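A closer look at the structure
Next come the chains, spelled out residue by residue.
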Amino acid sequence: QDISRLKVVSGIAMCSLSYACFYIVVKGSMHISAKGRSKGFHLLQPSMRIFECIPMTVSAFSCHISAMPIYDSLGSKRSPDIMLRV
């Protein structure tokens, strides 16, 4: 199947996410400059739980990266039923 049409949708998704991030940063900055920081706000909260987060994040990215080679390796066996499993 041709997946080149995803290029446009991916571009739109990246623009949407960039706009959302920009909006959050700007509105948050405006709120902090108008009302100041909350007394309970901490910029960094060191925790040992970071060692749980890092493997999950790396695993999520490696899973997405390996999806296309798996798809290519299926060759002529690319039936809709098999593709649901990938």
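That block above? That's the structure.
Quick caveat, the model's predicted, so the values are computed rather than measured.

Observations regarding the overall build of the protein chain
For the protein chain, the helix and strand inventory stands at three helices and zero strands. Of the regular secondary structure in the protein chain, the N- to C-terminal order runs α-α-α.

A look at the pattern of salt bridges
Within this structure, the stated rule accounts for one salt bridge. As a salt-bridge pair, E52 and R49 come within 3.2 Å of each other at their nearest N and O atoms. Since its relative accessible area comes to 45%, E52 is described here as partly exposed.

Quick notes on helix α1 (residues 6-35)
Because each turn of an α-helix spans 3.6 residues, side chains separated by three or four positions in sequence point in the same direction. Here α1 contains 30 residues, and its C-alpha end-to-end distance of 43 Å stays within 8% of the 44 Å for a straight helix at 1.5 Å per residue. Positive phi shows up at G36, right after α1, with a value of about 80°.

Points about a nonpolar patch on the surface
A cluster of nonpolar residues, M48, I50, F51, I54 and V58, forms a patch on the protein surface that exposes about 540 Å² of accessible area. What makes M48 exposed here is its relative accessible area of 64%.

Conventions we followed
- Residues numbered from 1 in each chain as written.
- Predicted model: local features only at pLDDT ≥ 70, side-chain atom pairs only at ≥ 80, totals over all residues.
- Heavy atoms only, no water.
- Helix = DSSP H or I, 4+ residues; strand = E, 2+ residues; numbered from the N terminus.
- Salt bridge = Lys/Arg side-chain N within 4 Å of Asp/Glu carboxyl O.
- Buried < 20%, exposed > 50% of the residue type's maximum accessible area, 1.4 Å probe, protein only.
- Expected span 1.5 Å × (residues − 1).
- Patch = residues over 30% accessible without salt bridge, like charges linked within 9 Å, V, L, I, M, F, W, Y side chains within 5 Å.
- Areas by Shrake-Rupley, 256 points an atom, 1.4 Å probe, with all protein chains shown as cover.

None of the figures reported here should be taken as evidence of function without further support.
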